[in-house]
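Working through the structure, step by step
Residue-level listing of the chains:
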Amino acid sequence: LVLLRISIGVCRERELLPEELKNIFRILQFFQEKKKGMILRFVYDMEGRGMEAEPVGSSLVKKHMCQIGSVVRQFIPDVLAVQGILVGNWGEMHGSKFLTEKYLKELTQTMLESLNGRCFLAVRTPGQFQMITSSMTEEQQKQIALFNDGMFGSATDLGTYGVATDQEQGDQLREKALQWQHQTARHRFNGGEVLAGMESEADRQRWQNVKKAADDMADMHISYLNSTYQQDVLQMWKAQEIIWSGTAQKVSGYEYIGRHLGYRFVVRSVSVDRKLQMRLAVENCGFAELCQQAECFLILEQGDKKVCQCVRTDPESWESGKITELTVQLQITEQFPDAEEIKCYLCLKRRYDGRYIRFANEGVGDYLFIGSFLL
């Protein structure tokens, strides 16, 4: 993944010029050719002075959104999410005159229309999410996600969950927000940056204790983190060791969190009965769910013969922290008439480009060997 922050601050008083749109096209094309999934943030401000940098009126903001969308649409589905609606300090949807309910809804709707609803549009806070989606249909709501660049900065993630007058109130706001995200952030693309909260001992423990940090990220269903910010936190995680759940294996906290970002599919059990009905148990050990369409297949081999059978399931529905039971009726008697061993493999492929999605079982490649049997 790559996060691209693209400044359009020079266009505060005018539309984007054709050459400027070509520059955006070339940037996205470069990363598409490098086979990178892209998270985009278009901003007026790069210095924390959003009010000074953004246009006077919302009509020009909407025009910029439409212009930007005409380029971004050409790179779907390599664009996983667009962060923000252009306005605010660093494009983070705070410190702007365009954050009233009226402007939030209008600008969000314009951005969604400019993207044709073909990728996630991430907003900065749960409060903004709730305000924006209050008048949306259920289908429209599925396009809205979150991003959080204040993770662990304080009890409220630096105001992400509201303003607290004391530690107790901050803890209450945090707990309520985590519960809300545990339910609402499923099946969305959520991520951001971690910060070294130093306001209190409780704040320090949130990021210094890797297990506690991981538990919070599991509630938030985090799919990605900035790998360069903030180094104090990342270095602390690298220095800590944590025991991998269910084993005696020790890994660094950094590696543990990294391996759990997004989805993490592990096949826990496989069985085949005499009627050739196969049952598989797949656990999603990651913090989040798969947010792109994928297909699941069984590959059966006997000598030089190979049969591919589709598994009827939607991998996007394999929820984090849960086991999904799959049942497949094997249709192979005529294809494998010989009384020889049949080897069985499982694989996942991303639908739009055929790229393999690997299971996390030890030693696995593109295909996961799940066993062999005789007819």
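See the structure shown above.
Residues numbered from 1 in each chain as written. Predicted model: local features only at pLDDT ≥ 70, side-chain atom pairs only at ≥ 80, totals over all residues. Heavy atoms only, no water.

What follows covers the overall build of the protein. When its secondary structure is counted, the protein shows 11 helices and 17 strands. Taken against the 2.2 N^0.38 rule, which gives 21 Å for 375 residues, the C-alpha radius of gyration of the protein at 23 Å falls within 12% of a compact globule. Across its three principal directions, the C-alpha atoms of the protein cover 75 × 50 × 35 Å. For the protein, the residues scored as buried account for 50% of the 375 residues in total. For the protein, the share of sequence-separated contacts (at least 6 apart) that also reach a separation of at least 24 residues comes to 70%. Carbon and sulfur atoms form 47% of the exposed surface of the protein, whose accessible area is close to 18,200 Å². Looking at charge distribution, the protein has the averaged site of its 45 positive side-chain charges lying 3 Å from that of its 49 negative ones. (Helix = DSSP H or I, 4+ residues; strand = E, 2+ residues; numbered from the N terminus. Rg over C-alpha atoms; globule rule 2.2 N^0.38 Å. Buried < 20%, exposed > 50% of the residue type's maximum accessible area, 1.4 Å probe, protein only. Contact = heavy atoms within 4.5 Å. Areas by Shrake-Rupley, 256 points an atom, 1.4 Å probe, with all protein chains shown as cover. Lys, Arg positive; Asp, Glu negative; His and termini not counted. Charge placed at Lys NZ, Arg CZ, Asp CG, Glu CD.)

Another aspect to go through is the pattern of salt bridges. Under the criterion given, the structure shown has 29 salt bridges. Salt-bridge contacts for D215 lead to K211; the nearest nitrogen and oxygen are separated by 2.9 Å. With a gap of four residues between them, D215 and K211 both fall in helix α9 (residues 210-220), about one helical turn apart. On the accessibility criterion, K211 (40% relative accessible area) is partly exposed. The shortest N-O distance in the salt bridge between R358 and D366 comes to 3.1 Å. The exposure class of D366 is partly exposed, given its relative accessible area of 32%. Through salt bridges with shared partners, a single network forms among R41, E92, R124 and D149. (Salt bridge = Lys/Arg side-chain N within 4 Å of Asp/Glu carboxyl O.)

Attention now moves to unusual backbone geometry. In this structure, the amide linkage connecting I76 to the following residue, P77, adopts the cis form with an omega of 10°. Structurally, P77 is set in the loop between α3 (58-72) and β3 (79-83). Between Y229 and Q230 the backbone carries a cis peptide bond, its omega angle lying at 0°. With respect to the helices and strands, the residue Q230 is situated in the loop between β7 (222-225) and α10 (231-239). Phi is positive for D157, close to 50°, though the residue is something other than glycine. Inspection of the secondary structure puts D157 in the loop between β5 (144-151) and α7 (167-184). Although it is not a glycine, H187 adopts a positive phi angle of roughly 65°.

Attention now goes to the sheet that holds β3. As summarised here, the arrangement of the seven strands in space is β1-β2-β3-β4-β5-β6-β7, forming an open sheet in which the pairing is parallel. Across the chains shown, the open sheet's two edge strands, defined by having one partner strand only, are β1 (2-7) and β7. Shown here is a sheet whose adjacent strand axes are inclined to one another by a mean of 30°, direction ignored. The pairing of β5 with strand β6 (residues 190-194) spans three bridges and is classified as parallel. Within β6, the position partnered with F147 by the bridge is G191. (Pairing = 2+ DSSP bridges. Axes fitted to C-alpha atoms, helices over the stretch in contact; angles between N-to-C directions.)

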